[in-house]
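Geometric and topological summary
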Amino acid sequence: MGKLSGIKVVDLTQFLPGPMLTLMMADQGADVVKIEPPGGDPARTQAPMDGDQSVWFRSLNRGKTSMTLDLKSAAGRARLWDELADADVLVEGFRPGVMARLGFDYAAVAARHPGIVYCSVTAFGQHGPLADHPAHDMAVQALAGFLSVNDGPDGTPVVPGVAASDVAAGLTGLAGVLMALIGRQRTGRGDYLDIAMFDSLLPWCAHTAGGAIIGGPAPRSAEQRSLGGAAFYQIYRTACGRHVALGGREEKFVRNLLGALGRPDLIDAALGPAGAGQEPVRAFLAATFAAHDRDHWIRWFADKDVAFAPVLDFREALDQPHVAGRGLLVEAGGGRQIGPAIRFADSGPPDRPAPPLGPVNGGEAL
């Protein structure tokens, strides 16, 4: 029995933010009915494939059941009303106005089912100048300012390695849905959540864009302690062409490393403000790390109390003993997946597969 056993979720979302939200609910026992259009969630066919399902789809939709509905048809809309009759949560990811045109906006659904917790997940929200602007994750990151500091030493932004606004919306949406369910226990009424990827990501800049938040200039990576302006929060190239990272600026780490390397004279500069004053420390560390290969530095740092890490690719990262020791890769639903990050003392690994594509409007299975 999961923490959410007995909760029914009708999920009309595709791709990443909404499916991540409902995945975390399914992993805790919620009955998640994934409503798909004819042809299915496009993530089903996004390579790489593992058998007849993509790794992406399987990993974000385990534990759900699938129902294919043509919501442009009367039969499909009637079937959706049937599913909503005993639902606790509705999650949808259409652009603003689509659910209203289909007859399933919050006012219409809540009129029949006042206890429903209704969550809309979009790029920019249900209102505002950008509400109708089409966007996936990178465009949201660009408009939220994050791409400007996802840059290299020359200041040129690069494609981000994490779909941060997608993931932020999934996590924020989950928190909001659970809050609304708790509130419903007191009032008996559900609520409406307007979750935007843009809104969900923006608070993540509080520690880096403080000056801009209060009306000042935008941060520049080269001058920010967490964005590349500090020698002890920095990436360095090694002799073999691989990289290592220093990921902690606390005084003890600075003293431990520079002392071990015989350069205590650089401690004051390393503890100083980010920016140009760090250059002598960065130059020394760059030359030092470049003198040996990555494996040498892994061995050398083994007995040092320093926030050091080799930069691993995903193959190396997933093969680490730590991943196995934490049970972070699981065999579930016929394939290998990353297990849930939310764990309780009495919870085990997921054991329900991702669903095959369900029948259209309740007809013959595809």
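Up top is the structure.
Residues numbered from 1 in each chain as written. Predicted model: local features only at pLDDT ≥ 70, side-chain atom pairs only at ≥ 80, totals over all residues. Heavy atoms only, no water.

1. Some words on the packing of helix H1 (residues 17–26) against helix H7 (residues 164–187)
Test applied: Geometry is summarised by axes, namely lines fitted to C-alpha atoms with helices restricted to the contacting stretch, and by angles between N-to-C directions that run from 0 to 180 degrees. Comment: elements are numbered from the N terminus, with helices defined as DSSP H or I runs of at least four residues and strands as E runs of at least two. Working definition: roughly parallel below 35 degrees, roughly antiparallel above 145 degrees, roughly perpendicular at 65 to 115 degrees, and oblique for all remaining angles. Each helix crossing is assigned a hand: it is left-handed if the near helix lies turned anticlockwise from the far helix by less than a right angle, otherwise right-handed if that turn is clockwise. By definition in these notes, contact holds between two residues if any of their heavy atoms fall within 4.5 Å. Under the scheme applied here, ten amino acids are nonpolar (Ala, Val, Leu, Ile, Met, Phe, Trp, Tyr, Cys and Pro), four are charged (Asp, Glu, Lys and Arg), and all others, including Gly, are polar.
Look at H1 against H7: their axes get within 8 Å of each other, and the N-to-C directions meet at 45°. One finds that H1 runs oblique with respect to H7. In terms of crossing hand, the pair formed by H1 and H7 is right-handed. Each of Pro17, Met20, Leu21, Met24 and Met25 in H1 lies in contact with H7, whose residues at this interface are Asp166, Val167, Ala169, Gly170, Leu171, Gly173, Leu174, Val177 and Leu181. Here the residues of the contact of H1 with H7 sort into 11 nonpolar, two polar and one charged.

2. Some thoughts on the sheet that holds strand S9 (residues 233–237)
Spelled out, the test is: For two strands to pair, DSSP has to find at least two bridges joining them.
What the three strands build is an open sheet, ordered S9-S10-S11; its pairing is antiparallel. Looking at strand neighbours, the two that pair on one side only are S9 and strand S11 (308–310), the edges of this open sheet. Neighbouring strand axes in the sheet, compared pairwise and without regard to direction, differ in orientation by 20° on average. Sheet topology places S9 next to strand S10 (residues 243–247); five bridges connect them, and they run antiparallel. Bridging from a neighbouring strand, Tyr236 pairs with Val244 of S10. Of the strands in this sheet, S9 and S10 touch helix H12 (residues 279–289), which is tilted by about 35° from S9.

3. Thoughts on unusual backbone geometry
Selection rule: Partly exposed residues are those whose accessible area sits between 20% and 50% of the maximum for their type, while under 20% is buried and over 50% is exposed, using a 1.4 Å probe and protein chains only.
A cis amide bond links Ala47 to the next residue, Pro48, at an omega of 5°. As for its position among the elements, Pro48 is in the loop between strand S2 (31–36) and strand S3 (49–50). Even without a glycine there, the phi angle at Phe15 is positive, about 65°. Examined against the element boundaries, Phe15 turns out to sit in the loop between strand S1 (8–12) and H1. The class of Phe15 is partly exposed, set by a relative accessible area of 30%.

4. Some points on the side chain of Lys34
Summarising the element assignment, Lys34 is placed in strand S2. For Lys34, a relative accessible area of 0% puts it in the buried group. In contact with Lys34, other than residues within four places in its own chain, are Asp11, Thr13, Pro19, Asp41, Phe57, Asn61, Thr65, Ser66 and Met67.

5. Focus on the pairing of strand S6 (residues 89–92)
Of the two faces of S6, the one carrying Val89 and Val91 and the one carrying Leu90 and Glu92 are both buried. Both S1 and S6 contribute to a ladder of four bridges, which runs parallel. Note that in S6 the partner of Asp11 across the bridge is Val91. Relative to strand S7 (residues 117–122), S6 runs parallel, the two sharing four bridges. Across the sheet, the residue bridging to Leu90 is Tyr118, located in S7.

6. Examining the pattern of salt bridges
Let me state the cut-off plainly: In what follows, salt bridge is the name for a side-chain nitrogen of Lys or Arg lying within 4 Å of a carboxyl oxygen of Asp or Glu.
According to the stated counting rule, one finds 18 salt bridges in the structure shown. Of the charged contacts, one joins Lys8 and Glu83 as a salt bridge, the two residues approaching to 2.9 Å between their closest N and O atoms. On the criterion of sequence distance, the pair formed by Lys8 in strand S1 and Glu83 in helix H3 (residues 74–84) is long-range, its members being 75 residues apart. Glu83 gets classed as buried once you look at its relative accessible area, which sits at 12%. Here Glu316 ties to Arg294 by a salt bridge, and the two come within 2.8 Å at their closest N and O atoms. Placement of the pair is Glu316 in helix H14 (residues 314–318) and Arg294 in helix H13 (residues 294–300), with a sequence separation of 22 residues. Looking at Glu316, the relative accessible area reads 24%, which means it is partly exposed. Overlapping salt bridges, with partners in common, bring together Lys8, Arg79, Glu83 and Asp86 in one network.

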